[in-house]
Amino acid sequence: MADVKLAIIYYSSTGTLHKMAQRLQEAAEKAGAEVRLRQVAELAPPEAIASNAAWSQHFDTTKDEPRAGADDVVWADAVLFGTPTRYGNVASQLKQFIDTLGPQWAQGQLANKAYAGFTASMTEHGGQESTLLALYNTIYHFGGVVVAPGYTDPLKFADGNPYGVSHVTGGSNDAPLTDVQYAALDHLARRVVSIGGKLRA
């Protein structure tokens with residue numbers, strides 16, 4: 001049987017979500033998936049990007065990477081969406097991409113796939129759970145299957161987020177990912193690939 005096709009579609013301003021997406025790609029490929037890693041387009045004005053050195057550096061570093069398109073979601077058996085928290089909600093960059101998927105939604109091309117999410121915020125209670133829950137409202141409309149990790153592995157009691165995977169970047173927005181987050185990301189990738197394959201069958 002052909003490899004499960006996984007699309008990892010995310011937005012990252014300063015690089016945390018980018019690193020999380022790369023780890024998910026590595027884990028999914030180890031699990032036997034064919035992966036498309038795609039960043040959505042930046043919508044912020046140049047002056048906003050320039051006002052934050054980390055944002056500006058990440059924008060320059062990733063400006064030539066492949067951008068997400070509707071065909072990436074249609075192609076996939078499973079989709080992982082990544083977004084930083086924005087006031088407890090999905091970042092406008094990812095939301096704008098999702099909002100362009102109306103034609104595919106209307107044709108039923110987004111249904112019956114496995115979906116899950118990952119996020120990060122500066123503070124421990126900065127809206128990570130509400131961001132993932134808000135993201136999943138869209139999946140219900142797609143007719144997709146939300147494949148939250150729950151507590152399906154003991155490692156989730158260390159990570160502590162049954163809705164997806166999240167990371168606290170800290171006040172300076174540069175706290176590195178740890179083995180706890182890496183383990184949770186690996187588990188999420190394996191779980192979504194496994195269930196995506198079952199849904200396809």
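Cut-offs used in this document
- Residues numbered from 1 in each chain as written.
- Predicted model: local features only at pLDDT ≥ 70, side-chain atom pairs only at ≥ 80, totals over all residues.
- Heavy atoms only, no water.
- Salt bridge = Lys/Arg side-chain N within 4 Å of Asp/Glu carboxyl O.
- Helix = DSSP H or I, 4+ residues; strand = E, 2+ residues; numbered from the N terminus.
- Buried < 20%, exposed > 50% of the residue type's maximum accessible area, 1.4 Å probe, protein only.
- 1 Å grid on protein atoms, 1.4 Å probe; cavity = no way out; pocket = protein on both sides within 12 Å on 5 of 7 lines; lining within 4 Å.
- Points joined across faces, edges and corners; volume = space filled by probe spheres on them.
- Nonpolar A, V, L, I, M, F, W, Y, C, P; charged D, E, K, R; others polar.
- Phe/Tyr/Trp six-rings, centres within 6.5 Å; stacked < 30°, edge-to-face > 60°.
- Contact = heavy atoms within 4.5 Å.

Caption draft 1: Representation of the pattern of salt bridges in the model. Under the definition given, this model contains seven salt bridges. With its nearest N and O atoms 3.6 Å apart, the salt bridge here joins Arg38 to Asp72. Of this pair, Arg38 sits in strand β2 (residues 34–39) while Asp72 sits in helix α4 (residues 70–75), and the two are 34 residues apart along the sequence. Each member of the pair, Arg38 as well as Asp72, is classed as buried. Linked by salt bridges that have partners in common, Arg36, Arg38, Asp71 and Asp72 make up one network.

Caption draft 2: Molecular detail of the layout of surface pockets. Approximately 400 Å³ is the volume found for the largest pocket. Every residue lining the largest pocket is counted, 18 residues in all, and those nearest its centre are Pro84, Thr85, Arg86, Met122 and Asn173. At the level of elements, α1 (16–30), β3 (78–86) and β5 (114–121) are the ones that each hand at least two residues to the lining of the largest pocket. When residues of the lining of the largest pocket are assigned to their parent elements, the largest contribution, three residues, is made by β3. By volume, the second largest pocket is sized at about 260 Å³. Together, 16 residues line the second largest pocket, and Glu124, Gln128, Asp159, Ser166 and Val168 are the ones closest to its centre. When residues of the lining of the second largest pocket are traced back to their parent elements, those giving at least two are α7 (128–142), α8 (156–159), β7 (165–168) and α9 (179–200). Per-element tally for the lining of the second largest pocket: the top contributor is β7, with three residues. For the lining of the second largest pocket, the per-class residue count stands at three nonpolar, 10 polar and three charged.

Caption draft 3: Structural detail: the packing of aromatic side chains. In total, this model carries three aromatic pairs according to the counting rule given. On the numbers, 5.7 Å between centres and 55° between planes, the contact of Tyr115 with Phe142 is tilted. Of this pair, Tyr115 sits in strand β5 while Phe142 sits in helix α7, and the two are 27 residues apart along the sequence. Take Tyr115 and Phe142: they sit in the same class, and that class is buried. Taken together through their ring pairs, the aromatic side chains of Phe81, Tyr115 and Phe142 make up a single cluster.

Caption draft 4: Up close: unusual backbone geometry. Here the phi dihedral of Tyr87 falls at roughly 55°; this positive angle occurs in a residue that is not glycine. Here Tyr87 shows up in the loop between β3 and β4 (89–90). Residue class for Tyr87 comes out exposed when judged on its relative accessible area of 87%. In this structure, Asn112 is a non-glycine residue whose phi angle is positive, near 60°. Within the fold, Asn112 resides in the loop between α6 (102–106) and β5.

Caption draft 5: Examining the side chain of Thr131 more closely. By the secondary structure assignment, Thr131 is in helix α7. Discounting chain neighbours no more than four positions away, the residues touching Thr131 are Thr83, Pro84, Thr85, Gly88, Asn89, Val90 and Thr119.

Caption draft 6: Region of interest: empty space enclosed by the protein. Applying the stated criterion to the full structure yields one cavity of 30 Å³ or more. In this structure, the largest cavity spans a volume of roughly 70 Å³. In terms of lining residues, the largest cavity is bounded by Tyr11, Ser12, Ser13, Gln39, Val40, Glu42, Trp55, His58, Phe59, Thr62, Lys63 and Arg67. The element best represented in the lining of the largest cavity is helix α3 (residues 53–62), accounting for four residues. Class assignment for the residues of the lining of the largest cavity results in four nonpolar, five polar and three charged.

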